[in-house]
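Residues per chain are reported as follows:
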Amino acid sequence: MSNPFDLAGKTALVTGGAQGLGRMIAEGLMGAGARVVITSRSAEKAAEAAKEISTTGMCIGLGADLSTPQAAVDLAKEFRKIVGDELHVLVNNAGQSWGANIDDFPDEAWGNVLAVNLQMPFTLVREFLPELEKAGHAEDPARILNIGSIAGATALRLRAYSYSSSKAAIHQLTRDLAGDLVKRNITANAILPGYFPTGMTAHLRDAEEEVNPKLLKTIPMKRMGKPDEIAALAVFLSCKSSAYITGAAIPMDGGIVGCG
Ligand SMILES: NC(=O)c1ccc[n+]([C@@H]2O[C@H](COP(=O)([O-])OP(=O)(O)OC[C@H]3O[C@@H](n4cnc5c(N)ncnc54)[C@H](OP(=O)(O)O)[C@@H]3O)[C@@H](O)[C@H]2O)c1
């Protein structure tokens, strides 16, 4: 039997793939045989990370500050020029957060967070529709993977009001996209990570990478998620074996949502 998780011959784009969760996902997709394009706000950082990741396959790094629609349009143009006219997997991973007490939560904490976490994923989908449509087939559709969060599925009370709202919204956007694009052989699913060790959760770990005991109490499995685990879910949702899944929002969180 051939490998059911094989991504050979597929091209994936992971926004924010030079670090953190995006990099874990990019390395996983590459390990499964995909050609992977990663982005960072810094073209140098993207190129450097692509070089490091390329030891297991082909990775291309592109610079894109995805806080404006024009940047998403430009990224699609650059992809066409450098990579080609087929995109099998679009991973909308780039994201920002802002935490503050409700009394002091500033207006400026909304615009950029909503733009990066919600609007640009939509704009990228719109701009990449021709490439996704070309890559997708009824038996093996093209994939949109939106990185949501359990913060958008349950009230974690993180004081990250714009962040959790943006994540709840991208879960809904995922369902809307799934319904509208199913006829065009494109699926859309959301991954809802719990706590993973990245820059976004650095404040929850000490210098020795020990996780804050108060946080651990809230996680039924009493640990953060591991890079291989999030990578494996992204590989599964990108491969032929998951062709029949669309419109799903899948938590990977050690049981926070499911056991709540
Ligand atoms: N870590 C967790 O436990 C966790 C839990 C739930 C959801 N998530 C989600 O996972 C995704 C990745 O976050 P992370 O945990 O890996 O945190 P991170 O290390 O802070 O990474 C954030 C990523 O977003 C990119 N980014 C931020 N602003 C951007 C902009 N204006 N334009 C383009 N890219 C931008 C960054 O790219 P550059 O800095 O290279 O430009 C970076 O790759 C986010 O959507 C986050 O909400 C994470």
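The structure contained in this document is the topic of the report that follows. (Residues numbered from 1 in each chain as written. Predicted model: local features only at pLDDT ≥ 70, side-chain atom pairs only at ≥ 80, totals over all residues. Heavy atoms only, no water.)

Okay, the environment of Phe-105 next. Its location among the elements puts Phe-105 in the loop between strand 4 (89-92) and helix 4 (108-135). With 14 residues separating them along the chain, Phe-105 and Val-91 place their C-alpha atoms 30 Å apart. In contact with Phe-105, not counting residues within four places along its chain, are Trp-98, Gly-99, Ala-100, Trp-110, Arg-159, Ala-160, Tyr-161 and Ser-162. (Helix = DSSP H or I, 4+ residues; strand = E, 2+ residues; numbered from the N terminus. Contact = heavy atoms within 4.5 Å.)

End to end, helix 7 (residues 227-238) covers 17 Å across 12 residues, agreeing with the expected 16 Å (1.5 Å per residue, within 8%). Turning to helix 7, its buried residues number three or more, namely Ile-230, Ala-231, Leu-233, Ala-234, Val-235, Leu-237 and Ser-238. Its buried side turned inward, helix 7 meets helix 1 (20-31), strand 4, strand 5 (142-147), strand 6 (186-193) and strand 7 (249-252). (Expected span 1.5 Å × (residues − 1). Buried < 20%, exposed > 50% of the residue type's maximum accessible area, 1.4 Å probe, protein only.)

This part is about the state of the cysteines. Across all of its chains, the model carries 0 disulfides by this definition. Cys-59 takes part in no disulfide bond, and the closest cysteine sulfur to it belongs to Cys-239, at a distance of 20 Å. Note on Cys-59: relative accessible area 10%, which makes it buried. The class for Cys-239 is buried, based on a relative accessible area of 0%. (Disulfide = S-S within 2.5 Å.)

On to the pattern of salt bridges. Evaluation of the coordinates by the stated rule reveals 10 salt bridges. The residue Arg-23 makes a salt bridge to Glu-52 at a minimum N-O spacing of 2.9 Å. Placement of Arg-23 in helix 1 and of Glu-52 in helix 2 (residues 43-53) is noted, with a sequence separation of 29 residues between them. On the basis of relative accessible area, Arg-23 is assigned to the buried category, the value being 19%. Here Arg-223 ties to Glu-229 by a salt bridge, and the two come within 2.8 Å at their closest N and O atoms. A relative accessible area of 32% places Arg-223 in the partly exposed class. (Salt bridge = Lys/Arg side-chain N within 4 Å of Asp/Glu carboxyl O.)

Ordered by their spatial adjacency, 7 strands build an open sheet running 3-2-1-4-5-6-7, and the pairing between neighbours is parallel. One side of each edge strand has no neighbouring strand; the edge strands of this open sheet are strand 3 (59-63) and strand 7. Each adjacent strand pair in this sheet contributes to an overall mean axis angle of 20°, direction not counted. Relative to strand 7, strand 6 runs parallel, the two being bridged by 4 bridges. Bridged to Ala-190 within strand 7 is Ala-249. Of the strands in this sheet, strand 1 (11-14), strand 2 (35-40), strand 3, strand 4, strand 5 and strand 6 touch helix 1, which is tilted by about 175° from strand 1. Of the strands in this sheet, strand 1, strand 2 and strand 3 touch helix 3 (residues 69-82), which is tilted by about 145° from strand 3. (Pairing = 2+ DSSP bridges. Axes fitted to C-alpha atoms, helices over the stretch in contact; angles between N-to-C directions.)

For the rest of this paragraph, the subject is the packing of helix 1 against helix 2. Closest axis-to-axis distance for the helix 1/helix 2 pair is 11 Å, and the angle between their directions is 40°. As the angle between them shows, helix 1 and helix 2 are arranged oblique. Every pair of crossing elements has a handedness; the one defined by helix 1 and helix 2 is right-handed. Note on element contacts: helix 2 touches helix 1 through Ala-49, Glu-52 and Ile-53, opposite Arg-23, Ala-26, Glu-27 and Met-30. (Parallel < 35°, antiparallel > 145°, perpendicular 65-115°, else oblique. Left-handed = near helix turned anticlockwise from the far one by under 90°.)

Looking at where Ser-242 falls in the secondary structure, it is placed in the loop between helix 7 and strand 7. The exposure class of Ser-242 is buried, given its relative accessible area of 1%. A distance of 2.6 Å separates a polar atom in the side chain of Ser-242 from the backbone oxygen of Phe-236. Excluding anything up to four places from it in sequence, Ser-242 contacts Arg-143, Phe-236 and Leu-237. (Polar contact = N/O pair within 3.5 Å; in protein donor to acceptor, adjacent residues only side chain to side chain.)

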